[in-house]
Structures are given as structure tokens and as C-alpha cells.
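The primary structure of each chain is shown beneath.
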Amino acid sequence: MSIATLSMSELLERAGLRLRGKRRADCVYCTGHSTATVSYTDEVAHCFRCQWKANTATIAKELGLVATDPESKRRRREEAREIAEYRKTIARFETWRDSLIGKYSTELRQLGRSAAIATEVLKKYPDCEPAWDALARYCHQEGELNRILDWLTCAKASPWLEEDSTILGLFQTWKKEIDEKR
Ligand SMILES: [Zn+2]
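Residues numbered from 1 in each chain as written. Predicted model: local features only at pLDDT ≥ 70, side-chain atom pairs only at ≥ 80, totals over all residues. Heavy atoms only, no water.

### Considerations on helix α4 (residues 129–153)
Then comes step 1: Taking 1.5 Å per residue as the helical rise, α4 with its 25 residues ought to reach 36 Å, and the 35 Å between its terminal C-alpha atoms agrees with that figure.
Then comes step 2: Residue Q141 marks the point of greatest curvature in α4, where the axis turns by about 40°.
Then comes step 3: Within the sequence span of α4, burial applies to A131, A134, G143, L145, N146, I148, L149, D150 and L152.
Then comes step 4: For α4, the secondary structure elements touched by its buried residues are α3 (70–124) and α5 (167–181). (Helix = DSSP H or I, 4+ residues; strand = E, 2+ residues; numbered from the N terminus. Expected span 1.5 Å × (residues − 1). Bend = angle between axes of the 7 residues up to and from the residue. Buried < 20%, exposed > 50% of the residue type's maximum accessible area, 1.4 Å probe, protein only. Contact = heavy atoms within 4.5 Å.)

This is how it looks when you write it as C-alpha cells:
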């Protein structure tokens, strides 16, 4: 019998999906338990869990490619786990970066505001020590804060950085830091 004449349920079975009653099957692409997550018609099949989609033609094509032996299944699960792990790491990195950008932006804004007030005060009271202090603090820290912010945001042609930072460079710095803390 040629593949082209096989029905959807026959194709699914050949692809290693266990049929569950009418119009339902277990997914072989999902990791972990995935009982009856695939729903299918005569034409198309779709897994609600992993969003695997196929029609009779694509399954027929895949049949020659998708191995369903335990070792291949294990390898697919392993790959899916690695991808999930990688996504989690990226999310943690983004959280770290966003929180630092927020922190240093606020700091810079507050320093700038104090410096602006200090400038006004010094016009009237040139001997006001706290105003001189606020101004000095701003001048002293402005460069460093801008440098950090440009580094975190990968600003292009930053006057504060010797060379532009890259998101990959940032990621590696962050990764190294956490690995060392571990
Ligand atoms: Zn699935």
C-alpha cells in the first residue's frame, strides 16, 4: 500500500502516535506526558500542547524522517529540554539587565535634578557648601553612570565607551558573574 492512500489515522499510527478513541492521539513531539493532546481530522492534525501541526502530506513526508525508536524519542526530548533551559536563562538575563538600567537611570536622573537645583542655588548663594557638594557629586558620577548605561543598552557610538558593547558581550559578562557566584 502506498503512503498516499493511507488515512490520517493510519499515518498517525505509522508516525508513532498512539490513537486515543476517535479523533485523538498521543503526541510524540511533546515532552513529558502528552496523552490525547493531538486532535485530528481526515486532513489535518494538531497538538494543543506543543502546537505541532501537520496534514496528511507532511506526515507522509515526515514518516521517512521521524524515527520513533526510544533513542530518537529520548534525543528529541533532550533537545526540547535544552531549548527550554536556554529560554529560561535568556529571560533571567533580560530581567537582570532591565533592573540595572532602571536603577542607574533613576540614579542619574536624581543626581541631575540635584545638580540643576544646586546650580540655581549657587547663583544666589555662591558659598552654599551643600550645593557645591551636589554639583561635585553629579560631575563626578555622571560619566560613570552614563558609561554603565550605554554599556547596558548597547548604545551606538557612545562617547563614554572605548568600544560599543554588544548584547552577546553583556550576556557573557552576566553569565560569568552568576557562574562564579554558584
Ligand atoms: Zn505535542
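### As for α5
Then comes step 1: Between the first and last C-alpha of α5 there are 21 Å, a value that for 15 residues agrees with the 21 Å anticipated at 1.5 Å per step.
Then comes step 2: Of the residues making up α5, those classed as buried are L170, F171, W174 and I178. Along the axis of α5, the buried residues cluster in a sector spanning 95°; they form a single face. What points out from α5, more than 90 degrees from its buried face, is the exposed set L168, K176 and E180. (Arc of directions from axis to C-beta.)

### What about the coordination of the zinc ion?
Then comes step 1: With distances of 2.2 to 2.3 Å, the protein atoms coordinating the zinc ion are C27 (SG), C30 (SG), C47 (SG) and C50 (SG).
Then comes step 2: Geometry at the zinc ion is tetrahedral, judged from its four donor atoms and the angles of 102 to 117° they form at the metal. (Donors = N, O, S within 2.8 Å, 3.2 Å for Na, K, Ca; no water. Tetrahedral: all angles 85-135°; square planar, octahedral: opposite > 155°, others 65-115°.)

### Section: the packing of α3 against α5
Then comes step 1: Where α3 contacts α5, the axes come no closer than 11 Å and their chain directions differ by 95°. By the angle between their directions, the pair α3 and α5 is classed as roughly perpendicular. The segment α3 lies against α5, with T89, I90, R92, F93, W96 and R97 engaging I167, L170, F171, W174, K175 and I178.
Then comes step 2: Class assignment for the residues of the contact of α3 with α5 results in eight nonpolar, one polar and three charged. (Axes fitted to C-alpha atoms, helices over the stretch in contact; angles between N-to-C directions. Parallel < 35°, antiparallel > 145°, perpendicular 65-115°, else oblique. Nonpolar A, V, L, I, M, F, W, Y, C, P; charged D, E, K, R; others polar.)

### Thoughts on the domain arrangement of the protein
Then comes step 1: If you check the domain split of the protein, you get domain 1 (3–68) and domain 2 (79–181).
Then comes step 2: When each unit is reduced to the centre of its C-alpha atoms, the spacing between domain 1 and domain 2 is 51 Å. (Domains from an automatic or database assignment.)

### Focus: the packing of aromatic side chains
Then comes step 1: Under the definition given, this model contains six aromatic pairs.
Then comes step 2: Geometrically, the ring pair formed by W96 and W174 is tilted, given 6.5 Å between the ring centres and 40° between the ring planes. With W96 in helix α3 and W174 in helix α5, this residue pair connects regions lying 78 residues apart in the sequence. No difference in accessibility class separates W96 from W174, as the two residues are buried.
Then comes step 3: Taken together through their ring pairs, the aromatic side chains of F93, W96, F171 and W174 make up a single cluster. (Phe/Tyr/Trp six-rings, centres within 6.5 Å; stacked < 30°, edge-to-face > 60°.)

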